[in-house]
Amino acid sequence: MVHSAYDSVELLKGCPARIEAVASYGSKLLLGCSDGSLRIYAPSSAPAVGDDGPLSPDPEIRREPYILERTVTGFWKRTPVAMEASRSRDLLLSLSEWIALHRLPNLETVVAIGKTKGANVFSWDDRRGFLCVGRQKRVGIYRLDGGREFVEVKEFGVPDVVKSMAWCGENICLGIKREYMIMNSTTGALSEVFPSGRIAPPLVVPLPSGELLLGKDNIGVFVDQNGKLLQDGRICWSEAPASVAIHKPYAVGRQPRHVEIRSLRAPYPLVQTVVLRDVHLLLQSNNCVIAALSNSVYGLLPVPLGAQIVQLTASGDFEEALALCKLLPPEDSTLRSAKESSIHMRYGHYLFDNGSYEESMEQFLASQLPDLNDESHLSRVSSDASDEIESSSLSQLQESDDKSMLEIKKLSHNALMALVKYLQKRRYGIIERATAEVTEEVVSDAVQDSITSEPYRLKSSTKKRGHTHISSVAREMATMLDTALLQALLLTGQSAGALELLKGPNYCDLKIGEEFLKERNQYTALLELYKSNEKHREALGLLNQLVEESNSGLPNSEPTPKFRPDMIVDYLKPLCRSDPMLVLEFSMLVLESCPTETIELFLSGNIPADLINSYLKQHAPNMQSTYLELMLSMSENGINTDLQNELVQIYLSEVLDWYKDLKEQENWDEKTYSSTRRKLLTALESISGHNAEALLKRLPLDGLYEERATLLGKMNQHQLALSLYVHKLHLPALALAYCDRVYESGLRQPSRSYANIYLTLLQIYLNPQRTVREFEQRTTNPVPSQNIGTQRIGSAKVKSRMAKKIAEIEVADDTRISPSSTDSGRSDGDGDEMTEGGGPIMLNDALDLLSQRWDRINGAQALRLLPRETKLQSLLPFLEPLLKKSSEGRRNYSVVKSLRYSENLQVKQELYKYRQTSVKIDGDSTCSLCRKRIGSSVFAVYPNGKTLVHFVCFRDSQNMKAVRGAPRKQL
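Residues numbered from 1 in each chain as written. Predicted model: local features only at pLDDT ≥ 70, side-chain atom pairs only at ≥ 80, totals over all residues. Heavy atoms only, no water.

- Under an unreviewed UniProt entry, the protein chain has the name Vacuolar sorting protein 39 isoform X2 and belongs to Phoenix dactylifera.
- Word for word, the UniProt comment on the protein chain under Subcellular location (unreviewed entry) is "Cytoplasm". (UniProt positions renumbered as here; feature names shortened; annotations may be inferred.)

## A word on the packing of helix 1 (residues 305-315) against helix 3 (residues 333-353)
- Contact geometry for helix 1 and helix 3: axes closest at 11 Å, N-to-C directions at 10 degrees. In terms of their interaxial angle, helix 1 and helix 3 are classed as roughly parallel. When helix 1 is examined against helix 3, the residues G306, I309 and T313 are found in contact with a partner set consisting of K339, I343 and R346.
- Of the residues that constitute the contact of helix 1 with helix 3, the class distribution is two nonpolar, two polar and two charged. (Axes fitted to C-alpha atoms, helices over the stretch in contact; angles between N-to-C directions. Helix = DSSP H or I, 4+ residues; strand = E, 2+ residues; numbered from the N terminus. Parallel < 35°, antiparallel > 145°, perpendicular 65-115°, else oblique. Contact = heavy atoms within 4.5 Å. Nonpolar A, V, L, I, M, F, W, Y, C, P; charged D, E, K, R; others polar.)

## Focus on helix 25 (residues 757-766)
- Burial analysis of helix 25 places ten of its ten residues in the buried class, which makes it a mostly covered element.
- Those residues of helix 25 that sit buried are I757, Y758, L759, T760, L761, L762, Q763, I764, Y765 and L766. (Buried < 20%, exposed > 50% of the residue type's maximum accessible area, 1.4 Å probe, protein only.)

## Here's the deal with the sheet that holds strand 21 (residues 229-236)
- Read from one edge to the other, the open sheet built from four strands follows the order 18-19-20-21, with strand pairing classed as antiparallel. At either end of the open sheet lies a strand with only one pairing partner, and these are strand 18 (204-206) and strand 21. Ignoring strand direction, the axes of neighbouring strands in this sheet form an average angle of 25 degrees.
- Pairing of strand 20 (residues 219-223) with strand 21 involves four bridges; the strand directions are antiparallel. Paired with G220 across the bridge in strand 21 is I235. (Pairing = 2+ DSSP bridges.)

## Notes on the pattern of salt bridges
- Counted by the stated rule, this structure contains 38 salt bridges.
- Residue D90 is joined to R87 by a salt bridge in which the shortest nitrogen-to-oxygen separation is 3.3 Å.
- According to the relative accessible area criterion, D90 is partly exposed, its value standing at 26%.
- Among the ionic pairs, R138 bridges to E155, the shortest N-O distance being 3.9 Å. Pair noted here: R138 is in strand 12 (residues 138-145) and E155 is in strand 13 (residues 149-157), with a separation of 17 residues, a long-range link.
- Overall, R138 belongs to the partly exposed group, its relative accessible area being 35%.
- Note on E155: relative accessible area 24%, which makes it partly exposed.
- Each of K115, R135, R138, E152 and E155 takes part in one network of salt bridges that share partners. (Salt bridge = Lys/Arg side-chain N within 4 Å of Asp/Glu carboxyl O.)

## What about the side chain of S625?
- By the secondary structure assignment, S625 is in helix 18 (residues 624-634).
- According to the relative accessible area criterion, S625 is buried, its value standing at 10%.
- Sequence-distant contacts of S625, defined by excluding residues within four places in its chain, comprise L647, I650, Y651 and E654.

If you want it as structure tokens, here you go:
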């Protein structure tokens, strides 16, 4: 884009002789004229000096007319070809007849290199002080030694006369006739680069970066220091330039009718054309480019960068404007940052208007404004993705009839995609600042609360909240950004990205986001939005509604994800500690459909079981038993005694209602079981936390005998419990199983013996009428819970001998009776007394009991209880294994007794042997520890019978553990 980069200022005119060479030294111009004179021009405002006065250079060329300050006639014998001033070394190099060196500012001659006579070109390396001279077909290299003389370093031959040359690092680039070559300054080795043009002579121009610009007719080619082509493109001049001066960031080319200025940034566009005819010299100065005509000199002074930036921005050349911003001086960093941000912003809007959405967002991203208070920046960007998209789409639809709606939608989608990328890149920094602001306020509030009293804290809380709202700039920007990002993600179909945004820390506006998500049925994202804003009640209500809709099976106009009841459980898990009442409220919705998961929720959340039970009792009594059952099944210690008792009470209430209904229908049967009754029986047996006496009072007298028997067993009223199994339920198998449970529990508790529980059942079989009467009496006046060993059958005054025996058996329950023992007493009790009361005995059941549990029953006492007329043949299944075991036990006892007697004899024999051991002490006997004689001292002898020690030495050695593991001493 063409703009005014330089102002052409005529510095001097009317030079008396033709200008052949030009150099600048500070603000002074040094002109080498055709008459061999050196003319020095200075700004007209500079103080005048005499002819012999020194040059006092200012830093740069001035924008004003120059006047002749001094003329040195006969400075050269011949017309000068070229000259160059070294500002760092205060030297003037000139080529005329040969190369001469003069000291500035007084122009005193330093040295003249006679060997360079006839040279036509030279190149000076000011940094290293090296001089390269082209003379005929030779190239000489000289080094400035001590600032007073040149020392020849090398001289090399070349294929032809050198037309142009320049240093490039350690190498030298030569333009020879029709080609370019790179010469190694150390070895003189030449390497070809490429041919030069056919029209213009070779032109070598060094660049500030160390690279080279080589001319090939009207094309400038960039190469590195080794002559390799660079991929940055090439400069295309309007004509082949005669010479080129580099003044960053521009290249200035000398054309026959004008001076052409091009940018050094690809694609190297034309910047400006300065109409100056017959310019035959171009010189790069420290702050400008000097153009010399035959008798006048013009200065191409750069327009201030700020003005150039304004021109480029106004003309829409934003890339060049941004490039120039980087050239602003470091001290203007604030101004530069502001200009760059403004240009990026304008460039972004320009690209957006032209449909380059991604590129526009890159520009918006690059416009990093340092002040967060400028909220219009982000709002303008986000508005481009909404208002401008719609307006541009409408304008495009109106202006271009051939463009389809699909293309317009594609443009809008591309714009939103670009907006998403932009917002995601900007988000990290803005969210970080917003989070830091929140953290700072939390810390400040905590400190304030710690140093203020309660009344003042209440008064100041309102002020702090108001202050937070006013100063929360970062959070307002974060809210704007996250809300726009959420909308853009969903509008571009990136639902997963929207969920990821909402699941993490975010500042999305709740009201705007809620309305936007509801319109588009984005319920999963809406749930996450509620969750991130701690609107848990709204989230759970919505989730429950979605679950019900999913389970209803109603057709939906739009496909939605499947919502399951366990999602409510998953949502409630993190809330157990913070809001247990909310968890209980919404867990009721899924307790029936997901009982296991809900109970696991209660367990993992450490919600008190009493609180859960009371809440269920009030709001969902039908689920109370389900909860307690699952709690009990998942954790044996999960519920306390009160809850266990309540579970049993719930079962019992349901069973009683069920029993009452069947009783009224006259369909009751003790052998009928419902699922709840089975649970009740299991609970009565396995749960120890219930109150048996209270439950027993609730049972009917004419039913539920099995439940009563279980409770009586818990109260240790085993006789009554067995009577129910035998006489009411008529289930001897249950009675036997009951005895087994009682007996085995006694084995686990050695302090209590229930070995005679089988004798109690045997008594019930053999005297049924008496036990029935006792049951009827005790059900009307139940005895308190007591141990079976202290129960006595004294209510029935039976005068028979058998009754006395039974009483003796019951009194002896506290003493464990070995089932393997036998009794040689009489077993011929009076059988006629067993039938007192007129009822038949249950002899077969009694015999079955004896045959099945012979190893758990005291045989002698069992035989005393049997009727006299009992046949011995029927007792064989009981007596045969009992006698075998008794005999086997007696034999085993005899063997053990013999073995123990033999072992006792062996021990005695060994004892006698050790007692017969003798030790001889004489005058030569010494202690094995101290090596002194034992004499008449108390001594000790080791079991080997040979090692003797003083008792004192032995005791000391034992204390010091000098002898370890020694056997017991013998005295």
